[in-house]
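# An overview of the molecular structure
In case you want the letters, here they are:
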Amino acid sequence: MNDPLLFLFPRLAEAHAAALPILLLYYAAVGACLGSFLNVCVYRIPLGLSVLRPPSSCAACGRPIPIRYNIPIFGWLWLRGQSACCRTPIDARYFWVELLSALVLPALFLRYAWPEALAYGFFFFLLAAASLIDLDHFLIPDRISWGGMAAGVALGALLPSLHGEASALGGFNAALRGAFWGGAVLWLVVLAGAKAFKKEAMGLGDVKFLAAIGAFLGWRSVFFVVAVSSILGSLYGLLMLLRRRSIWGTRIPYGPFLALAAALWLFGGKELATALWRGWTVR
């Protein structure tokens, strides 16, 4: 941990200097394209629409968007945040989602070996989709949470190294255990909150979402994700109160904080939690 850059991206030490820029550009381009598709999913899934058909069209007037304007990141910049057909403003979130995706995918490949990086890339898009839909609609669709659980368990068997296991059965069991603890821990929190505040403090969508997170990251991640997401959510709520953007009791989507805590686990949180636990047990 002497070099923070190598701590975050250990595969930098193994990368060939000449090929590194080309690889990073390739992964960034793939990430941007996936980010563009992510924007489509976030818009269409809550409406029950197909994410594949019809092709992208203007949300205001319905005209198809030409391919030259549908280039991830650059399309929004080229159009200056307005649709070409009717000059309706395009939400800047489309740009930022594509840009974040273009940054995250190369970062994952600099941190993990390619099979794990590929799996975690898929996991990141699940996290992002759930977070953005939760922000817009205060719900996390079952196809993301249940689908994420199924994918996490399947990948645990196909890629047991995700859980530090050597066999398919070991990886399957570890993913299943993570899903169970993810759902169980947050479900207990929901029950406790409902009893303490005499009303529903959190939806079951968050419970299923944490179960999906546990399936990908394992049971040890669950306690880190719950603790860190609670801190982040509380700080956000306090900030909104201080800025008078909300009042006490205002509903806040919890999915984005679960997703952010899971992302932190991927980028150093696991090692930090392990180091803290070892230090505590030594004392």
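Notes on the structure follow. (Residues numbered from 1 in each chain as written. Predicted model: local features only at pLDDT ≥ 70, side-chain atom pairs only at ≥ 80, totals over all residues. Heavy atoms only, no water.)

Taken as a whole and assessed by the stated rule, the structure comprises 14 aromatic pairs. Summarising the aromatic geometry, the rings of F180 and W181 are spaced 5.7 Å apart at their centres and angled 75° between planes, so their arrangement reads as edge-to-face. Centroid distance W181 to F223: 6.3 Å. Interplanar angle 50°. Geometry classified as tilted. Of this pair, W181 sits in helix α7 (residues 168-197) while F223 sits in helix α9 (residues 219-242), and the two are 42 residues apart along the sequence. Taking the relative accessible area as the measure of exposure, F223 reaches 42% and is therefore partly exposed. Within the aromatic cluster, the residues linked to one another by ring pairs are F180, W181, W219 and F223. (Phe/Tyr/Trp six-rings, centres within 6.5 Å; stacked < 30°, edge-to-face > 60°. Helix = DSSP H or I, 4+ residues; strand = E, 2+ residues; numbered from the N terminus. Buried < 20%, exposed > 50% of the residue type's maximum accessible area, 1.4 Å probe, protein only.)

Quick look at a nonpolar patch on the surface now. A contiguous nonpolar surface patch, about 380 Å² in accessible area, is contributed by Y43, L47, L49 and Y94. Mapped onto the fold, L47 is located in the loop between α2 (20-44) and α3 (74-78). We classify L47 as partly exposed; its relative accessible area is 49%. (Patch = residues over 30% accessible without salt bridge, like charges linked within 9 Å, V, L, I, M, F, W, Y side chains within 5 Å. Areas by Shrake-Rupley, 256 points an atom, 1.4 Å probe, with all protein chains shown as cover. Salt bridge = Lys/Arg side-chain N within 4 Å of Asp/Glu carboxyl O.)

Turning our attention to unusual backbone geometry. Phi at R87 is positive, roughly 60°, even though this residue is not glycine. The topology assignment puts R87 in the loop between α3 and α4 (93-111). A positive phi angle is found at F138, which is not glycine, with a value near 55°. Checked against the element boundaries, F138 lands in the loop between α5 (114-137) and α6 (142-158).

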